[in-house]
Amino acid sequence: RKKFTSIGSAGKPFKGIFDGNGFEIIGLYIDISYVEYQGLFGYADTGSEIKNLKISGSIAGGNKSGAVAGYTNGLISGCEVNCPVTIAWTHYHGGIAGYAGVNSIISNCNASGTIEGSECVGGIAGYTEGKITECNSDKTITGVKKVGGIAGYAAGTGAEISNCSFSGTVLDVNNFYTGGIAGQTDGLITGCAVN
């Protein structure tokens, strides 16, 4: 298998619009266990849009790794992910995005498969300061601290998780901040369900 190099980095972030038009990327393969910002998009900055995309494959990265984006401060919508995300027991790992900034919106996304990490591990986002809405996760999620079915940590009073559902399994090795929707939150959770 040929390893994929993530689109965008902290030094050269992705700032455009990517519309997958409902097509699927099959066999996305990333294996850089200790390098941060890993995903189809490594670093998607403010103003970016990633939408209407399906992904299957296997991802292993360092801090801030997720199937669609390692880091996002823009919009991710209409994405469907079915692949394991395994991140060498580092931090901020999510089925859709590893780390979602204050301007981020993740909406109408679905994530299934497995995800493993250390601190801040979530079925949709490992860590979010933004909004997650109308998303579903049925992942098996394993971590040691701040582990949640939708978000590991919804940080800051502006963080919001709404109308999301989780039907997978959350395994927190240390039983330290664990939840069906969020492991820990400073913000608002509304209209969500754990099945």
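Residues numbered from 1 in each chain as written. Predicted model: local features only at pLDDT ≥ 70, side-chain atom pairs only at ≥ 80, totals over all residues. Heavy atoms only, no water.

Here the focus is the packing of aromatic side chains. Counted under the stated rule, the structure contains 11 aromatic pairs. For the ring pair Tyr-92 and Tyr-127, a centre distance of 5.4 Å and an interplane angle of 85° mean the geometry is edge-to-face. In this pair, Tyr-92 sits in the loop between strand E8 (85-86) and strand E9 (93-94) while Tyr-127 sits in strand E15 (residues 125-128), placing the two residues 35 residues apart along the sequence. Judged by its relative accessible area of 23%, Tyr-92 falls in the partly exposed class. (Phe/Tyr/Trp six-rings, centres within 6.5 Å; stacked < 30°, edge-to-face > 60°. Helix = DSSP H or I, 4+ residues; strand = E, 2+ residues; numbered from the N terminus. Buried < 20%, exposed > 50% of the residue type's maximum accessible area, 1.4 Å probe, protein only.)

The next point concerns the sheet that holds E9. Strand order in the open sheet made by the five strands is E5-E9-E14-E19-E24, with parallel pairing throughout. The open sheet has two edge strands, strand E5 (65-66) and strand E24 (178-179), and neither has a second partner. Here strand E19 (residues 145-148) pairs with E24 via two bridges, running parallel. For Gly-148, the partnering residue across the bridge sits in E24 and is Gly-179. (Pairing = 2+ DSSP bridges.)

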